[in-house]
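# Overview (structure and organization)
Chain by chain, the residues:
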Amino acid sequence: MLPSCARTFGKNALIQKKALGLISAKSNYATEAPFETKAFRLHNLEQGPATNTTLTRDDALLYYKQMHSVRRMETSAGNLYKEKIIRGFCHLYSGQEAVAVGIKAALRPHDDVITAYRAHGWSHLMGVNPLGVLAELTGRQSGCARGKGGSMHMYTDHFYGGNGIVGAQVPLGVGLALAAKYKGTDGVCVALYGDGAANQGQVFEVFNMAKLWDIPCIFVCENNGYGMGTSAARAAANTAYYTRGDVIPGIWIDGMDVLAVREAARFAVDHCSSGKGPIVLEAATYRYSGHSMSDPGTSYRTREEIQEVRQTRDPITSFKEKIITANLVSPEELKTIDTEIRSTVDEATKKAKAEKEIPLEELTADIYSLDLEKQIRNIDPFNPLPHKRIGEAVNFK
């Protein structure tokens, strides 16, 4: 009797959900589902982002695809570095994907982003395809900067890099936000930096300027626990980075939860675009690799610590479990997405390895957005190199 009643009740509940439009009539999967995030910590705010949110099936598939694409590209980049095809510096983003994907979900087309040298994932999310990222890393001509920027200097529309100098992107981000205010748009700029860069004097200087002039800048501290090889607790007297703006409002976020990041970013965009000035977000996240590929990452933390985060807090695995449990997607759909991403990234990797580097005469091309200087100083001051324009200047308006 009980199993029969349970089937009848379940069938009636399914019919009700279909009637409300919460389940697709074609697939029997929910079209949206409610979720609750970890509580936010607030600074100088009476009310913060809601901890209850709704996720649509389409967004669930999009966020999963974006995070998995970034992870797969970084895995490929790590392998290319080990093969000595990528040279120089290479800072991987694996483990921090939920921060970038969550923030990107809240941005409008006219909002700007600027970040530090851990920029491959952001470059892709802002519009650079996997080949454009991997070819840039390998120094090939299909790279988004034609192979001349490398790991730390990638750009695309409304994305201003990838900056190699620690913390220098933060004042630049305030400048971009000031430009939006000056032009009279409601655009904002997201300026991302790490917990190590948070102690830079220039960061505090522009906190002050941004608040004085109510500049619409969202300061995002990606606190992955370690500035290079030094833990946050050993480097900062105040590790509550969301409070570092003094009178500027701040929010602490679980940076391993893409939905928590999205809700906080939506709150921040609304805060800045409505004329309330800047805001500081601290995303508590984790990086699986060392600071860069030359750092094994296990001399200042244990392998057990890294493994524990992978098993219990991984942003992709945990999100996958959530959306399957909520009946938004099926495991088979996600397997298909995994296969497609693997194929796309593998093909991009193959092309990036096979492509040619730019010719010597192109090294001094596109130095200036306006071709005013016809010659570029050489190492020999008496034999300057010619300047020419090849590609259209990115973000030149």
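What comes next is a walk through the structure. (Residues numbered from 1 in each chain as written. Predicted model: local features only at pLDDT ≥ 70, side-chain atom pairs only at ≥ 80, totals over all residues. Heavy atoms only, no water.)

### Here we look at the overall build of the protein chain
- Each helix and strand counted, the protein chain has 12 helices and 12 strands in total.
- Computed over the C-alpha atoms, the radius of gyration of the protein chain is 23 Å, within 12% of the 21 Å expected from 2.2 N^0.38 for a compact globule of 397 residues.
- By principal-axis analysis of the C-alpha atoms, the protein chain measures approximately 95 × 50 × 45 Å.
- Residues classed as buried in the protein chain amount to 48% of the 397 residues present.
- Within the protein chain, contacts between residues at least 6 apart in sequence are counted, and of these 71% link residues at least 24 apart. (Helix = DSSP H or I, 4+ residues; strand = E, 2+ residues; numbered from the N terminus. Rg over C-alpha atoms; globule rule 2.2 N^0.38 Å. Buried < 20%, exposed > 50% of the residue type's maximum accessible area, 1.4 Å probe, protein only. Contact = heavy atoms within 4.5 Å.)

### A word on the packing of helix 5 (residues 130–137) against helix 12 (residues 331–354)
- For the pair helix 5 and helix 12, the least separation of the axes is 9 Å and the interaxial angle reads 40°. You can see that helix 5 and helix 12 cross each other, and the crossing is right-handed. Contact with helix 5, carried on its side by Pro130, Leu131, Leu134 and Ala135, involves Thr344, Val345, Ala348, Thr349, Lys351 and Ala352 of helix 12 and no other residues of that element.
- By residue class, the composition of the contact of helix 5 with helix 12 is seven nonpolar, two polar and one charged. (Axes fitted to C-alpha atoms, helices over the stretch in contact; angles between N-to-C directions. Left-handed = near helix turned anticlockwise from the far one by under 90°. Nonpolar A, V, L, I, M, F, W, Y, C, P; charged D, E, K, R; others polar.)

### Thoughts on the environment of Pro331
- Tracing the backbone through its elements, the reader meets Pro331 in helix 12.
- In this structure the C-alpha to C-alpha distance between Pro331 and Asp214, which are 117 residues apart in sequence, comes to 46 Å.

### Overview of the sheet that holds strand 2 (residues 41–43)
- Across the sheet, six strands lie side by side as 2-9-10-6-5-4; this open sheet has mixed pairing. In the strand order of this sheet, the two ends are held by strand 2 and strand 4 (112–114), each with one partner. Recorded for the sheet is a direction-independent mean angle of 20° between the axes of neighbouring strands. (Pairing = 2+ DSSP bridges.)

### Some points on a nonpolar patch on the surface
- A contiguous nonpolar patch, built from Leu178, Met209, Leu212 and Trp213 and spanning about 400 Å² of accessible area, is present on the exposed surface.
- On the secondary structure map, Leu178 appears in helix 6 (residues 169–183). (Patch = residues over 30% accessible without salt bridge, like charges linked within 9 Å, V, L, I, M, F, W, Y side chains within 5 Å. Areas by Shrake-Rupley, 256 points an atom, 1.4 Å probe, with all protein chains shown as cover. Salt bridge = Lys/Arg side-chain N within 4 Å of Asp/Glu carboxyl O.)

### Looking at the pattern of salt bridges
- In the structure shown here, the tally under the stated rule is 13 salt bridges.
- We note a salt bridge from Glu263 to Arg262, for which the minimum N-O separation is 3.0 Å.
- Here Arg262 falls in the buried class, since its relative accessible area comes to 1%.
- Among the charged side chains, a network of salt bridges with common partners joins Arg71, Glu97 and Asp314.

### As for the pairing of strand 3 (residues 52–56)
- Only one face of strand 3 is buried: it carries Thr53 and Leu55, and the other face, with Asn52, Thr54 and Thr56, is open.
- Pairing between strand 1 (residues 32–36) and strand 3: five bridges, direction antiparallel. Each residue of the ladder has a partner; that of Ala33, found in strand 3, is Leu55.

### A short note on unusual backbone geometry
- Backbone geometry places Asp246, a non-glycine residue, at a positive phi of 60°.
- A relative accessible area of 56% places Asp246 in the exposed class.
- At Asn327, a position not held by glycine, the phi torsion is positive, near 65°.
- Within the secondary structure layout, Asn327 lies in the loop between helix 11 (315–325) and helix 12.
- Judged by its relative accessible area of 29%, Asn327 is partly exposed.

### Details of the side chain of Glu263
- If you trace the backbone, Glu263 turns up in helix 9 (residues 258–273).
- Residues in contact with Glu263, not counting those within four places in the same chain, are Phe40, Pro49, Ala50 and Thr53.

### Section: the environment of Ser294
- Within the secondary structure, Ser294 is located in the loop between strand 10 (279–284) and helix 10 (303–312).
- Polar side-chain contacts of Ser294 include one of 2.9 Å to the side chain of Ser292. (Polar contact = N/O pair within 3.5 Å; in protein donor to acceptor, adjacent residues only side chain to side chain.)

### Thoughts on the nonpolar core
- Leu55, Ile103, Trp122, Ile218, Phe319, Ile323 and Leu328 are the most contacted members of the largest nonpolar core, which has 69 residues in total.
- Not counting chain neighbours up to four residues away, the residues in contact with Phe319 comprise Leu55, Ala60, Tyr63, Tyr64, Met67, Val258 and Leu259. (Core = buried A, V, L, I, M, F, W, Y, C linked by side-chain atoms within 4.5 Å.)

### Re the packing of helix 6 against helix 7 (residues 201–212)
- The interhelical angle for the contact between helix 6 and helix 7, taken along N-to-C directions, is 20°, at an axis separation of 8 Å. One finds that helix 6 runs roughly parallel with respect to helix 7. For the pair helix 6 and helix 7, the crossing hand works out as left-handed. Here Val170, Pro171 and Val174 of helix 6 lie close against helix 7, whose contacting residues are Gln202, Val203, Val206 and Ala210.
- Class assignment of the residues belonging to the contact of helix 6 with helix 7 gives a composition of six nonpolar, one polar and no charged. (Parallel < 35°, antiparallel > 145°, perpendicular 65-115°, else oblique.)

By themselves these figures say nothing about function.
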